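# Observations on the model geometry
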Amino acid sequence: MTTEEERRTILIEKAISEKHNRALSIIVHDLKSPMTAIIGFSNLLLREMEEKGVADRWLEILKRVVGAGKNMDVLIQDISTMAKMEAGKEKIEPEWADIPRMLYETRKTFEYQAKTREISIDIVAEDSLPPVRWDMTRLRNHVLNNLISNSLKFTPLGGKVTLSAQADSSHVLLNVKDTGPGIPPGEHEKIFHRFEQLDIDSQRIFSGFGLGLYNARLFVERHGGQISLDPSVDTGASFLIRLPLDASPAICS
């Protein structure tokens with residue numbers, strides 16, 4: 001039974017967490033507008049410089065500015081998502097949908113990026129997979145897109161990323177696997193923690209603050225599922241996502 005002291009501790013931790021998330025929300029709100037302006041004006045300047053035939057050296061510098069701005073914008077969005085999910089305010093809307101269709105639509109998002117690096121994105125999914133009740137839009141945005149983007153980033157030229165799905169009577173197992181450098185077993189849990197990065201000895205160094213995978217875990221767990229790395233894979237990284245066929249009971253609880 002929970003003692004009075006334990007209850008008090010829980011309430012204090014909850015209050016600190018809520019204050020922390022409110023502070024993050026305010027910071028994100030204040031950063032959005034100036035970052036949008038930086039990216040927008042940098043792109044405008046880049047187009048005008050390209051039209052005027054400015055030296056490649058200056059174009060390359062400005063492209064780096066634009067790229068850095070976009071990376072910062074992703075970080076701002078990750079922080080916003082984290083604060084909302086930790087506070088239970090991220091809207092989740094489950095609906096019945098088709099898994100193979102979701103996988104093929106997800107692949108389309110990354111087709112151009114994969115083609116430029118000669119990386120194939122293969123899909124392995126049985127036609128008999130049952131319909132599922134998930135928030136497909138946010139599952140793609142917060143989980144699959146994050147995993148595939150990381151896979152493409154670390155997979156060498158000419159490599160392969162595989163999306164697969166299989167089901168039993170109550171759950172679906174999604175797998176995102178790549179042929180890039182693997183992740184040391186000691187780092188398998190660490191990469192899902194917020195503000196954590198891999199040790200410098202790892203070949204697979206994640207940039208930023210590790211919020212993408214942390215948010216992916218929050219979202220999967222909100223669906224009553226689990227996300228992990230497959231410890232049996234010898235090469236590359238293989239992310240496993242186990243979700244119930246109908247996630248609505250977990251989402252609505």
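First, a word on scope: everything that follows refers to the structure included in this document. (Residues numbered from 1 in each chain as written. Predicted model: local features only at pLDDT ≥ 70, side-chain atom pairs only at ≥ 80, totals over all residues. Heavy atoms only, no water.)

## Some points on the overall build of the chain
The test is simple: Here a helix means four or more residues in a row that DSSP labels H or I, a strand means two or more in a row labelled E, and each is numbered from the N terminus. Think of it in three bands: with a 1.4 Å probe and only protein chains considered, a residue is buried below 20% of the maximum accessible area for its type, exposed above 50%, and partly exposed in between. Note that accessible areas follow from Shrake-Rupley with a 1.4 Å probe, and for residues the cover is restricted to the protein chains shown.
Counting its secondary structure elements, the chain contains 6 helices and 7 strands. Going through the 253 residues of the chain one by one, you find that 41% of them count as buried. Just so you have it, the chain exposes about 14900 Å², and 54% of that area is on carbon and sulfur atoms.

## Some thoughts on the nonpolar core
Rules: Grouping buried Ala, Val, Leu, Ile, Met, Phe, Trp, Tyr and Cys residues that are joined through side-chain atoms within 4.5 Å yields what is termed a nonpolar core. Residues are treated as being in contact if the distance between any of their heavy atoms lies within 4.5 Å.
Formed by 49 residues in total, the largest nonpolar core has its most connected members in Ile-99, Met-102, Trp-134, Leu-174, Phe-239 and Ile-241. Excluding its chain neighbours within four sequence positions, the residues that come into contact with Phe-239 are Leu-147, Leu-174, Asn-175, Val-176, Ile-183, Ile-191, Phe-192, Leu-213, Ser-228 and Leu-229. Grouped together as the second largest cluster of nonpolar side chains are 5 residues, Leu-46, Met-49, Leu-62 and Val-66 included.

## What to know about the side chain of Ser-151
Counted only if it meets this: Distance and chemistry together define a polar contact, namely a pair of N or O atoms within 3.5 Å, with one atom able to donate a hydrogen and the other to accept it when in protein, and with adjacent residues in sequence counting only for side-chain atoms on both sides.
Inspection of the secondary structure puts Ser-151 in helix H4 (residues 136-154). By relative accessible area, which is 0% here, Ser-151 ends up buried. Side-chain polar atoms of Ser-151 contact the side chain of Asp-178, separated by 3.0 Å.

## Some points on the sheet that holds strand E6 (residues 226-229)
Two strands in a sheet stick together by hydrogen bonds in their backbones, pointing the same way (parallel) or opposite ways (antiparallel). Condition: Between any two strands, at least two bridges found by DSSP are needed for them to pair. An axis is simply a line fitted to the C-alpha atoms; with a helix, the fit covers only the stretch in contact. Between two such axes, the angle follows the N-to-C directions and lies from 0 to 180 degrees.
Here we have 5 strands laid out as an open sheet, ordered E2-E4-E5-E7-E6, and mixed in their pairing. Each edge of the sheet is formed by a strand with only one pairing partner; in this case those strands are strand E2 (120-125) and E6. With strand direction ignored, the average angle separating the axes of adjacent strands in the sheet is 15°. Judged from the 7 bridges that link them, strand E4 (residues 160-167) and strand E5 (residues 171-178) form a sheet pairing that is antiparallel. Bridging across to E5, Leu-163 finds its partner in Val-176.

## Focus: the packing of helix H3 (residues 99-116) against H4
How we decide: With respect to orientation, any angle under 35 degrees is reported as roughly parallel, any angle over 145 as roughly antiparallel, any angle of 65 to 115 as roughly perpendicular, and every other angle as oblique. By definition, turning the near helix anticlockwise from the far helix through less than a right angle yields a left-handed crossing, and turning it clockwise yields a right-handed one. For this classification, the nonpolar set comprises Ala, Val, Leu, Ile, Met, Phe, Trp, Tyr, Cys and Pro, the charged set comprises Asp, Glu, Lys and Arg, and every other residue, Gly included, is treated as polar.
Contact geometry for H3 and H4: axes closest at 10 Å, N-to-C directions at 40°. Accordingly, the angle class assigned to the pair H3 and H4 is oblique. Seen from above, H3 lies across H4 with right-handed handedness. Facing Met-102, Leu-103, Glu-105, Thr-106, Thr-109, Phe-110, Gln-113 and Ala-114 of H3, the residues of H4 in contact are Met-136, Leu-139, Arg-140, Leu-144, Asn-145, Ile-148, Ser-149 and Leu-152. Among the residues forming the contact of H3 with H4, the class breakdown is 9 nonpolar, 5 polar and 2 charged.

## Some remarks on the side chain of Ser-42
Of note, Ser-42 is situated in helix H1 (residues 4-51). Beyond its immediate chain neighbours, meaning those up to four positions away, Ser-42 contacts Leu-62, Val-65 and Val-66.

## With respect to a nonpolar patch on the surface
How we decide: The patches described consist of residues with a relative accessible area above 30% and no salt bridge, like charges being joined within 9 Å and nonpolar side chains (Val, Leu, Ile, Met, Phe, Trp, Tyr) within 5 Å. Salt-bridge detection follows one rule: a side-chain nitrogen of Lys or Arg within 4 Å of a carboxyl oxygen of Asp or Glu.
A cluster of nonpolar side chains, Trp-58, Ile-61 and Val-65, forms an exposed patch at the surface whose accessible area comes to about 270 Å². Given a relative accessible area of 38%, Ile-61 falls into the partly exposed group.

## Some words on the packing of aromatic side chains
To keep things clear, this is the line we draw: Planes of paired rings set the category: under 30 degrees apart is stacked, over 60 is edge-to-face and the rest tilted, where pairs are Phe, Tyr or Trp rings (Trp by its six-membered ring) whose centres lie within 6.5 Å. A positively charged side chain is recorded as over a ring if its NZ (Lys) or CZ (Arg) lies within 6 Å of the ring centre. The angle to the ring normal must also be within 35 degrees.
Tallied over the entire structure, the rule returns 1 aromatic pair. Taking 6.2 Å as the distance between ring centres and 85° as the angle between the ring planes, the aromatic pair formed by Phe-192 and Phe-239 counts as edge-to-face. A residue pair is termed long-range when its members are at least 10 positions apart, and Phe-192 in the loop between E5 and helix H5 (211-222) and Phe-239 in strand E7 (residues 238-244) qualify at 47 residues. Residue Phe-192 shares its accessibility class with Phe-239, and that shared class is buried. The ring centre of Trp-58 lies 4.5 Å from the NZ or CZ of Arg-57, which sits over that ring.

## Description of the packing of H4 against H5
Viewed as axis vectors pointing N to C, H4 and H5 meet at an angle of 140°, and their least axial separation amounts to 9 Å. If you check the angle between H4 and H5, you find them oblique. Between H4 and H5 the crossing geometry is left-handed. Of the residues in H5, those in contact with Arg-138, Leu-139, His-142, Val-143, Asn-146, Leu-147 and Asn-150 of H4 are Gly-212, Leu-213, Ala-216, Phe-219 and Val-220. Residue classes in the contact of H4 with H5 are distributed as 7 nonpolar, 4 polar and 1 charged.

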